[in-house]
Amino acid sequence: MTGLKYALFTGCTAKNSTPELMKSTEAVAKKLGIELIELKEASCCGASHLQDFDEFLSLVLNARNICYAEKLGLDLVTICNTCNLNLLMADQKLKADAALRAKVNEKLAEVGLEYKGTSRVRHLLYVLIEDFGMDKLESMVEKPLSDFNIAPFYGCHNIRPSALQEQANGGENPYKPTSLEKVIDAIGGSAVEYSSKNRCCGFHADLQSSKAAIQMTANALVDAMDNNADMIVTPCPLCHLNMDIKQKSASKALGRDVHMPILHLPQMIGLALGLSAEELGLKHNIVKPEFAL
């Protein structure tokens, strides 16, 4: 056992649209000896949409979510890039503005809570790198993914805005991120270098322009394909969802066949740890990773 323990903020997507992410996260954490306490009282982070309509409400909701981790005396860990971003933004705004913090705490007092800013907001990706360690992960690999070229896809919200994320995520450079490559190296895979790895998948652009959004999705997929990737791995369920379900639309938009398995970060790690396809929920992936099934 590692002795690592965290409060897990699941977000909405991992419990509903991508249940395989929740399942694989729990399986990998158990295998690695990491204890995750699910914050079942927590609510949606706002998904970068509520913030546009009612910023104060979004601050109250995310402060409340952080309070639940504070009550446990644990860091709050997310498994969604967008949740990570919204929680971080709320956390940093409240830490920097005493008057705003007092106003938010006035609302939180109605449900017996007080935001103190004592729990760090972190993504599972960086917990694995900074707390667990890649040497430790490498030592636990049972089935190295040495036969596969793996394309890391970061998406937007785990590496941007740079001033926010560089403070939270171990100094990750949003223009040249390396964290996913470190994990891929540790499990024996070959990381694919391609220009789309830190671009947007198109998910949040879909409401404004579905045509532009699918083009963004298609561009990322074919960039990985053209650089000989066998699969794409992402730490974001929204990126995963978007790239997994829209490959037929991407094929139509580009006039060429698009086929690429998309794995959640814990699914990829779990394969290397020797976990089964059932334990990792791989049957839920739309584009089936046949090599694992």
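This text goes with the structure placed above it.
Scoring rules and cut-offs
- Residues numbered from 1 in each chain as written.
- Predicted model: local features only at pLDDT ≥ 70, side-chain atom pairs only at ≥ 80, totals over all residues.
- Heavy atoms only, no water.
- Salt bridge = Lys/Arg side-chain N within 4 Å of Asp/Glu carboxyl O.
- Buried < 20%, exposed > 50% of the residue type's maximum accessible area, 1.4 Å probe, protein only.
- Phe/Tyr/Trp six-rings, centres within 6.5 Å; stacked < 30°, edge-to-face > 60°.
- Helix = DSSP H or I, 4+ residues; strand = E, 2+ residues; numbered from the N terminus.
- Lys NZ or Arg CZ within 6 Å of the ring centre and 35° of its normal.

J.: Just give me the short version of the pattern of salt bridges, but keep the residues and values in it.
T.: Applying the stated criterion to the full structure yields 13 salt bridges. Arginine 122 is the partner of glutamate 130 in a salt bridge, and the nearest nitrogen-oxygen pair spans 3.1 Å. Looking at arginine 122, the relative accessible area reads 3%, which means it is buried. Several salt bridges share partner residues, and in doing so they unite Asp75, Arg122, Glu130 and Asp131 into one network.

J.: Describe the packing of aromatic side chains, listing the residues and the values that go with them.
T.: Summed over all chains, the structure comprises one aromatic pair. Ring geometry for phenylalanine 148 and phenylalanine 291: centres 4.8 Å apart, planes at 45°, overall tilted. Here phenylalanine 291 lies in the segment after α13 (265–272) and phenylalanine 148 lies in the loop between α7 (134–140) and β5 (149–152), a separation of 143 residues in the sequence. Take phenylalanine 291: its relative accessible area is 34%, and that puts it in the partly exposed class. Directly above the ring of phenylalanine 56 sits lysine 103, whose terminal nitrogen or CZ lies 4.9 Å from the centroid.

Interpretation in functional terms is not warranted from these geometric data alone.
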